[in-house]
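Remarks on the overall topology
Take a look at the letters that make up each chain.
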Protein chains: 2
Amino acid sequence: MAVKIFEIKKSVYENNDREAEILRGELKSKGVFLLNVMSAPGSGKTTLLLRTIEALKEQLNIGVIEADIDSAVDAEKVAKTGVRTVQLHTGGMCHLDAGMVRQGLDNLGIDGLDLVILENVGNLVCPAEFDTGASKQMMLLSVPEGDDKPLKYPLMFSEVDALVVSKIDCQDYFDFDADALKDRAKKLNSAVEIFELSAKTGQNVAQWTDWLHREVMNWKEA
Amino acid sequence: MAVKIFEIKKSVYENNDREAEILRGELKSKGVFLLNVMSAPGSGKTTLLLRTIEALKEQLNIGVIEADIDSAVDAEKVAKTGVRTVQLHTGGMCHLDAGMVRQGLDNLGIDGLDLVILENVGNLVCPAEFDTGASKQMMLLSVPEGDDKPLKYPLMFSEVDALVVSKIDCQDYFDFDADALKDRAKKLNSAVEIFELSAKTGQNVAQWTDWLHREVMNWKEA
């Protein structure tokens, strides 16, 4: 299935925070929940996305925006699930801001959608600095990356509503102290919801998708 | 062992490429080889660095510059090997340019060194865009990150002299097609030297360190 690819342009807005607030308000008035998913390259965002769609697609109308420097490999995988999907190319840019996300939403078309999942550029630094207009933000950290990441990339851990620790099926193989990771994340962000799961085996995925479903319903009803 | 931490400032140079060329020339005249090591967060740069120091420290005088947004965990590990080490904090910046590297080299002190290893900020996007003045550039890609990374981050693969594929000890555990990865990397950069190794078990590490040693000697003698 061919996926539409859009080359997005650098935003013209000077005040990204204000643009993000405006976008968030518009999405809220339309009952659309936007989830901004961030992680390092190779954490498994797309694999978790496929599990998430599988779990929620009967209950929610879902759309997906994939953002990458190049290629459409992720969007092609997601499109096979049957959900509306577009691929954005950032023209080398390392993050998305609210104006770029608005271009993505316009290309996707959000009428009738309950949930739009935005897979941000794989990067633990720059995406954390830009409000995309998302309703909630999730960060994915995979076990092979190590438990020291909150020490090195504190802003990302501070900004997110949910932290998903993934690839726990290989926890025995790597030197990964899950308690240390959780302590470090909570020290930066006491309100963060933490989920530990394996998108590969499906272990604990329902805890994450139940939370997301609840957040979407709260957003639509509040 | 306490490591000195330096908060580096944004560079004032308008033309980074020119500054990088000047720095490279100065290093060459002093017989100092600068290796720029780049990867995604959690690829295992520091673990490989420890193996590399272990292999080469009898033959070469080595110094290490660690660059991170925050923390000094990597520099503290490296300093235990006895090599001269400094930690740079980038003040939130997602990459290093030549002017920032110059600050790092000044803080480290390069007199008498043969090899300076620069561990860049963990990021597959921004560091590839800035010439640091390095003699050679190496990228580390770990098996859990997946074989599709050249498709998504082509600039990084295009810019490097050596690609080290690490964590091959867990290759059977992950869906990782090493041949596909190598084909994709070679398509972007036919001259790239590719090494496949495990810094954890030590497998094939000598192939990498032999290459690096040879490059350092060529640089000093040419």
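Above this text is the structure in question.
Let us now look at the sheet that holds strand S6 (residues 136–142) of chain B. All names here are of chain B. One open sheet holds the 8 strands; their spatial order is S1-S4-S3-S5-S2-S6-S7-S8, and the pairing between them is parallel. At either end of the open sheet lies a strand with only one pairing partner, and these are strand S1 (4–7) and strand S8 (193–196). Taking the axes of each pair of neighbouring strands and ignoring which way they run, one obtains an average angle of 20 degrees across the sheet. Bridge count for strand S7 (residues 162–166) against S8 is 4 bridges, and the pairing is parallel. Bridge pairing links leucine 163 to isoleucine 194 in S8.

Let us now look at the state of the cysteines. The term disulfide refers to a covalent linkage connecting the sulfur atoms of a pair of cysteines. Residue and element names in this part refer to chain A. For the structure shown, the criterion picks out 0 disulfides over all chains. Free of any disulfide, cysteine 94 has its nearest cysteine sulfur in cysteine 126, 3.4 Å distant. Residue cysteine 94 is classed as buried on the basis of its relative accessible area, which comes to 13%.

A word on the interface of chain B and chain A. Chain B puts 33 residues into the contact, and the matching count from chain A is 33 residues. Taking both partners together, chain B and chain A bury about 2500 Å²; carbon and sulfur atoms supply 58% of that area. The largest share of the area that chain B buries against chain A comes from Pro41(B), Lys152(B) and Tyr173(B), three residues that together contribute 23% of it. Between the two partners, chain B and chain A, sit 2 salt bridges. A salt bridge links Asp74(A) to Lys152(B); the nearest nitrogen and oxygen atoms lie 2.7 Å apart. Remark: the boundary between chain B and chain A carries 10 residue pairs in polar contact (both at pLDDT 80 or more).

Here the focus is the packing of aromatic side chains. By convention here, two paired aromatic rings are described through the distance between centres and the angle between planes. Within this structure, the stated rule accounts for 11 aromatic pairs over all chains. Taken together, a centroid distance of 6.0 Å and an interplanar angle of 85 degrees make the contact between Phe33(B) and Trp219(B) edge-to-face. Of this pair, Phe33(B) sits in strand S2 (residues 33–39) while Trp219(B) sits in helix H8 (residues 205–221), placing them 186 residues apart in sequence. Their ring planes at 75 degrees and their centres at 5.4 Å tell us that Tyr173(B) and Phe174(B) sit as a pair that is edge-to-face. Note on Tyr173(B): relative accessible area 35%, which makes it partly exposed. Using a relative accessible area of 14% as the deciding quantity, one classes Phe174(B) as buried. Within the aromatic cluster, the residues linked to one another by ring pairs are Tyr173(A), Phe174(A), Tyr173(B) and Phe174(B). The cationic tip of Lys200(A) hangs over the ring face of Tyr173(B); the distance from NZ or CZ to the ring centre is 4.2 Å. In this arrangement the basic side chain of Lys28(B) is found over the ring face of Trp219(B), its NZ or CZ atom lying 4.7 Å from the centre.

By definition, the strands of a sheet pair up through backbone hydrogen bonds, in either a parallel or an antiparallel sense. Residue and element names in this part refer to chain A. On the basis of which strands lie adjacent, the open sheet formed by 8 strands has the order S1-S4-S3-S5-S2-S6-S7-S8 and parallel pairing. Each of the sheet's edge strands pairs with one partner strand only, and the pair in question is strand S1 (4–7) and strand S8 (193–196). Pairs of neighbouring strands in the sheet enclose a mean axial angle of 20 degrees, with direction left out of account. Alignment of strand S3 (residues 62–68) against strand S5 (residues 115–119), held across 5 bridges, turns out to be parallel. In the strand pairing of S5, glutamate 66 is matched with glutamate 119.

Residue and element names in this part refer to chain B. One can find aspartate 114 in the loop between helix H4 (98–108) and strand S5 (115–119). For aspartate 114, a relative accessible area of 13% puts it in the buried group. Looking at aspartate 114, its side chain comes within polar contact range of the side chain of lysine 220, at 2.7 Å. In contact with aspartate 114, not counting residues within four places along its chain, are Gly31, Val32, Phe33, Gln59, Leu60, Asn61, Val216 and Lys220.

What counts and how
Residues numbered from 1 in each chain as written. Chains lettered and ligands numbered in written order. Predicted model: local features only at pLDDT ≥ 70, side-chain atom pairs only at ≥ 80, totals over all residues. Heavy atoms only, no water. Pairing = 2+ DSSP bridges. Helix = DSSP H or I, 4+ residues; strand = E, 2+ residues; numbered from the N terminus. Axes fitted to C-alpha atoms, helices over the stretch in contact; angles between N-to-C directions. Disulfide = S-S within 2.5 Å. Buried < 20%, exposed > 50% of the residue type's maximum accessible area, 1.4 Å probe, protein only. Contact = heavy atoms within 4.5 Å. Buried area = accessible area lost by both parts, 1.4 Å probe. Salt bridge = Lys/Arg side-chain N within 4 Å of Asp/Glu carboxyl O. Polar contact = N/O pair within 3.5 Å; in protein donor to acceptor, adjacent residues only side chain to side chain. Phe/Tyr/Trp six-rings, centres within 6.5 Å; stacked < 30°, edge-to-face > 60°. Lys NZ or Arg CZ within 6 Å of the ring centre and 35° of its normal.

Everything listed here is a matter of geometry and, on its own, says nothing about what the molecule does.
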